[in-house]
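What follows is the residue order along each chain.
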Amino acid sequence: MKRAPLFVIAGTIAGLAGILSYHTHPAAQAALPGASSPATAGAQAKRAGAALGKHKAKLKGAGAAAGSVQSVVGATEQYGYGELAVKVTASGSHITDVAVTTLQTAEPYSQQLAGQVIPTLRAEVLSGQSAQINGVSGATYTSQAYAMSLQAALDKLHIR
Amino acid sequence: MATELPVVNHAEPVMGTVVSFAVVPGVQSGRAVSGAIEAACALLHRADAIFTTWDAQSPVSRLRRGAARLSEMPPEIAEVLDLCDYARRVSAGWFDPWAMPAGVDPAGLVKGWAVERAMAVLREAGTEAAMVNGGGDIAVFGAPAPGHAWRVGIRHPWRAGALAAILEVSAAVATSGSYERGPHLIDPFTGQPAGRTVSATITGPSLALADALATAMAAGGDEVFGIVAGLDGYAGYLIRTDGSEAHTSHISFVS
């Protein structure tokens, strides 16, 4: 028998628009949807992007689980519609999880969305906590704030 | 039975996001799988270096400001621009990298294209199955376990930590939307922020095209939904700003 990769959704996040944090069995790592290069950027974002590009996470072999697990939250960064902060969890120098822990959206957009619900027929999956899935698809953070907060968290973890 | 190696996971910070891998080794050794993942990551870093708009000296930045001709560019740029042109025609202009305010910007297709190629590296290395998730743009092949399909949650646009749906995916899925940053998607016809759709998901055989079509449907809403419904192999799932939903007939919801 092969072991199925069961990534289980867990965790809730403040803010109207959350990003999912999915945790895995001890031997597995997961990463979160994040930012892609924005169309416009300042020098700060360029530095953050360059630092991200240079960073290489170590490969981890099958089934291995080693190193102490720690989580740090990067700086809270302002972006066009509010502010966000990124939390990185690492086992040793290996990133095991990236999640947005703070996300505040600016008015009036958030007000416009408040209270809206999808009249879905699939109510049983609306709360993904118990769903067994392999990954999450969603619109990605394309703000420099995400990249900068992520880089700050990596720096705190001394991951280069 | 063949090898009992469990799924190998890896997370790679690249392209301004974190790309995650889940690889079912099959008969391949752990060393072969690690080598394939390294090769896939190298491909992603090369794509990042070529297409980043954060670096003013990157090939795409130089092309955008007219500092270099296409013939002087790495071949990947012509390949991606050809795909962009195809996606523009297929989407009736709703995906249009040439209509962006700051110059041609293939970002709406590049990540999907790069992740699709990274997945192909793993497939060609002889692994049994794999998922590559580039910040929500996901390419898969094979099966995560015998008799099981890859299952992908579609993030709920308004409820933190919840899913709007779960899909079974056999090749590619991409989601685009305005829910995380406010209405930032540009309507290529007006140059103004588009505001009719909050979440647009496309499944299909190519992640590059799925990525572009998701961007198009996020901007064009029902008009693009109608186009997707007529495309062989592709399916769409749309959540409008009023909370109403639509999906084409071939999408595989897990219910």
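Residues numbered from 1 in each chain as written. Chains lettered and ligands numbered in written order. Predicted model: local features only at pLDDT ≥ 70, side-chain atom pairs only at ≥ 80, totals over all residues. Heavy atoms only, no water.

Draft legend 1. Structural context of the overall build of chain B. On a plain count of helices and strands, chain B comes out with 6 helices and 10 strands. With 255 residues in all, chain B has 63% of them scored as buried. Once local pairs closer than 6 in sequence are excluded, the contacts in chain B between residues at least 24 apart make up 54%. (Helix = DSSP H or I, 4+ residues; strand = E, 2+ residues; numbered from the N terminus. Buried < 20%, exposed > 50% of the residue type's maximum accessible area, 1.4 Å probe, protein only. Contact = heavy atoms within 4.5 Å.)

Draft legend 2. Seen up close, the confidence of the model for chain A. All names here are of chain A. Mean pLDDT over chain A works out to 49, with 22% of the residues at or above the 70 mark. The spread of mean pLDDT over the elements of chain A runs between strand E2 (residues 21-23), the lowest at 28, and strand E3 (residues 69-73), the highest at 83. Scored below 50 in pLDDT, residues 1-66 shows 215 contacts in the model against residues more than four places distant or in partner chains. (pLDDT = per-residue confidence, 0-100.)

Draft legend 3. Geometry of the packing of helix H5 (residues 207-220) of chain B against helix H6 (residues 222-229) of chain B. All names here are of chain B. The interhelical angle for the contact between H5 and H6, taken along N-to-C directions, is 140 degrees, at an axis separation of 6 Å. Judged by the inter-axis angle, H5 sits oblique to H6. Contacts from Leu213, Ala216, Met217 and Gly220 of H5 reach H6 at Asp222, Glu223, Val224 and Phe225. Taken together, the residues that form the contact of H5 with H6 break down as 5 nonpolar, 1 polar and 2 charged. (Axes fitted to C-alpha atoms, helices over the stretch in contact; angles between N-to-C directions. Parallel < 35°, antiparallel > 145°, perpendicular 65-115°, else oblique. Nonpolar A, V, L, I, M, F, W, Y, C, P; charged D, E, K, R; others polar.)

Draft legend 4. Structural view of the packing of aromatic side chains. Residues and elements named next belong to chain B. Inspection of every chain in the model, using the stated rule, returns 2 aromatic pairs over all chains. Here Tyr237 and Phe253 contribute two aromatic rings whose centre-to-centre distance is 5.2 Å and whose plane-to-plane angle is 90 degrees, an arrangement assigned as edge-to-face. You can see Tyr237 sitting in strand E9 (residues 235-240) and its partner Phe253 sitting in the segment after strand E10 (245-247), a full 16 residues away along the chain. Judged by its relative accessible area of 1%, Tyr237 is buried. Among the residues examined, Phe253 registers a relative accessible area of 21% and is labelled partly exposed. If you follow Arg123 out to its NZ or CZ, it ends over the ring of Phe141, 6.0 Å from the centre. (Phe/Tyr/Trp six-rings, centres within 6.5 Å; stacked < 30°, edge-to-face > 60°. Lys NZ or Arg CZ within 6 Å of the ring centre and 35° of its normal.)

Draft legend 5. Spatial organisation of the nonpolar core. All names here are of chain B. One finds Phe21, Leu109 and Leu122 to be the most contacted residues of the largest nonpolar core, which totals 61 residues. Considering each element in turn, this core owes the most residues, 11 residues, to H5. Val7, Ile138, Tyr237 and Ile251 belong to the second-largest nonpolar core, a separate cluster that totals 20 residues. (Core = buried A, V, L, I, M, F, W, Y, C linked by side-chain atoms within 4.5 Å.)

Draft legend 6. Inspection of H5(B) at higher detail. All names here are of chain B. The end-to-end C-alpha distance of H5 is 19 Å, a good match for the 20 Å that 14 residues give at a rise of 1.5 Å each. The opening residue of H5 is Ser206, an N-cap whose side-chain oxygen sits 3.3 Å from the backbone nitrogen of Ala208. Residue Gly221 follows H5 closely and has a positive phi angle near 55 degrees. (Expected span 1.5 Å × (residues − 1). Polar contact = N/O pair within 3.5 Å; in protein donor to acceptor, adjacent residues only side chain to side chain.)

Draft legend 7. Representation of unusual backbone geometry within the structure. All names here are of chain B. The backbone phi angle of Ala92 is positive, close to 55 degrees, even though this residue is not glycine. The topology assignment puts Ala92 in the loop between helix H3 (75-90) and helix H4 (107-124). Residue class for Ala92 comes out partly exposed when judged on its relative accessible area of 45%.

Draft legend 8. Quick peek at the packing of H3(B) against H5(B). Residues and elements named next belong to chain B. Closest axis-to-axis distance for the H3/H5 pair is 10 Å, and the angle between their directions is 50 degrees. The orientation of H3 with respect to H5, classified from their angle, is oblique. Relative to H5, the crossing made by H3 is right-handed. Where H3 abuts H5, its residues Leu83, Tyr86, Ala87 and Val90 lie against Ala208, Leu209, Ala212 and Leu213. (Left-handed = near helix turned anticlockwise from the far one by under 90°.)

Draft legend 9. Geometry of the confidence of the model for chain B. For chain B, per-residue confidence averages 88 on the pLDDT scale, and 91% of positions sit at 70 or higher. This prediction of the complex comes with two scores: 0.70 for pTM and 0.82 for ipTM.

Draft legend 10. Representation of the pattern of salt bridges within the structure. Residues and elements named next belong to chain B. Per the counting criterion, the structure on display carries 6 salt bridges over all chains. Here Glu76 ties to Arg46 by a salt bridge, and the two come within 2.5 Å at their closest N and O atoms. You can see Glu76 sitting in helix H3 and its partner Arg46 sitting in helix H1 (residues 30-51), a full 30 residues away along the chain. Accessibility expressed as a relative area gives 44% for Arg46, which makes it partly exposed. Residues Arg240 and Asp222 are paired through a salt bridge, measuring 2.8 Å at the closest nitrogen-oxygen approach. Pair noted here: Arg240 is in strand E9 and Asp222 is in helix H6, with a separation of 18 residues, a long-range link. Take Asp222: its relative accessible area is 39%, and that puts it in the partly exposed class. What emerges from the salt-bridge pattern is a single network uniting Asp85, Arg88, Arg89 and Asp96. (Salt bridge = Lys/Arg side-chain N within 4 Å of Asp/Glu carboxyl O.)

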